[in-house]
Amino acid sequence: MVDVPLPEPGPDDVVVRTSHSLVSRGTETLVFRGEVPPSQYDLMRAPFQVGDFPGPVIYGYLAVGEVESGPGAGRTVFSLHPHQDRFVVPSSMAVDVPVDVPAARAVLAGTVETAVNALWDAAPRVGDRIAVVGAGMVGASVAAVLATMPGVRVELVDVDPSRAAVAEALGVGFATPDAATGECDLVLHASTTEAGLARSLELLGDEGEVVEMSWFGDRAPRVPLGEAFHSRRLTLRATQVGRVAPARRARWSTTDRLRLALRLLADPRFDALISDSCAFADLPAVLPALASGERPGLGVRVDY
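Residues numbered from 1 in each chain as written. Predicted model: local features only at pLDDT ≥ 70, side-chain atom pairs only at ≥ 80, totals over all residues. Heavy atoms only, no water.

Caption draft 1: Spatial organisation of unusual backbone geometry. Phe53 connects to Pro54 through a cis peptide bond whose omega is 10°. With respect to the element layout, Pro54 can be found in the loop between α1 (25-32) and β2 (63-69). Across the junction of Gly55 and Pro56, the peptide omega takes the value 0°, indicating a cis bond. With respect to the secondary-structure elements, Pro56 resides in the loop between α1 and β2. One non-glycine residue, Phe48, lies in positive phi territory at about 65°. Among the residues examined, Phe48 registers a relative accessible area of 33% and is labelled partly exposed. Of note, Arg233 is a non-glycine position whose phi angle comes to about 55°, a positive value. On the accessibility criterion, Arg233 (57% relative accessible area) is exposed. (Helix = DSSP H or I, 4+ residues; strand = E, 2+ residues; numbered from the N terminus. Buried < 20%, exposed > 50% of the residue type's maximum accessible area, 1.4 Å probe, protein only.)

And the structure:
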């Protein structure tokens, strides 16, 4: 834990007192372990990050709090800011949380925004047979949004059988990888494992598509492009939340996309994505446990 002096706010800045933040388990533990490849140092900088990779850095990007002073004082806002009890940001970077979304759930906005962008890239259709491989926060967010589409068969796939309870809470099916249903029109891969990527390709039907959401950092997974990959005319492509999906980029800004994610969080099913919490003062002990796998689960909410 370190003290960070607050900058003097300008006329268009707000001072926010944080009520909750969320640990983005996959990315933040990768950063914590120093696994950001040098080629990605600039792209992986979080807004308002302090320090440079490989570290030490003050990192994070999922924070909710109340505006103490500045334009719109008293409103509850979401901001892409590291874990910090108070911070100063431009007012444009503090997006209002809808009145029907609890602050403790609003910390999921960045994760749901990632799911929205991936689904804009994937472009699922009514009635599609879809698997989401990897039932972490991102994969579960994708499944939760897909569950609202008419006629879509959604199966959340994970090696951990306990994630079946998450799938049930979200209203989608669940299977372990060996029992997953094949002949899918679309698979979204979010397990960040080589085995998960291979299984995703196996689950496709002819001319199906895998949309890769995992970020492997400095690892180089083997991709099985032999066997039936060409004869079945399969597709593997990337999605990433740093830019709005091309199909929406001309009409939607990143702020528009974030506001959409916050509106979606009025649905209480998303509470299933937060399985753990800790006090802000305990975060220095919690992060090593997350990085080592000693503290499993989905989202870890930090309470201030």
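There's plenty left to go through after this.
Caption draft 2: Structural view of a nonpolar patch on the surface. A cluster of nonpolar residues, Val2, Val4 and Val50, forms a patch on the protein surface that exposes about 230 Å² of accessible area. On the accessibility criterion, Val50 (39% relative accessible area) is partly exposed. (Patch = residues over 30% accessible without salt bridge, like charges linked within 9 Å, V, L, I, M, F, W, Y side chains within 5 Å. Areas by Shrake-Rupley, 256 points an atom, 1.4 Å probe, with all protein chains shown as cover. Salt bridge = Lys/Arg side-chain N within 4 Å of Asp/Glu carboxyl O.)

Caption draft 3: Broad picture of the pattern of salt bridges. The full count for this structure, using the stated rule, is 18 salt bridges. Arg105 is paired through a salt bridge with Asp271; the nearest N and O atoms lie 2.8 Å apart. On the criterion of sequence distance, the pair formed by Arg105 in helix α2 (residues 103-106) and Asp271 in the loop between α7 (254-264) and β12 (274-279) is long-range, its members being 166 residues apart. Exposure remark for Arg105: the relative accessible area of 8% places this residue in the buried category. Judged by its relative accessible area of 37%, Asp271 is partly exposed. Across the pair Asp206 and Arg232 runs a salt bridge whose closest N-O atoms are separated by 2.7 Å. One end of the pair, Asp206, is in strand β10 (residues 204-212); the other, Arg232, is in the loop between β10 and β11 (235-238), and 26 residues separate them in sequence.

Caption draft 4: Quick look at the sheet that holds strand β8 (residues 173-175). Across the sheet, 6 strands lie side by side as β8-β7-β6-β9-β10-β11; this open sheet has parallel pairing. A single partner strand is all that each edge strand has here, and the edge strands are β8 and β11. Looking at each pair of strands side by side, their axes are set apart by 20° on average, direction ignored. Those strands touched by helix α6 (residues 194-202) are β6 (129-133), β9 (184-189), β10 and β11, and its axis lies near 150° from that of β10. (Pairing = 2+ DSSP bridges. Axes fitted to C-alpha atoms, helices over the stretch in contact; angles between N-to-C directions. Contact = heavy atoms within 4.5 Å.)

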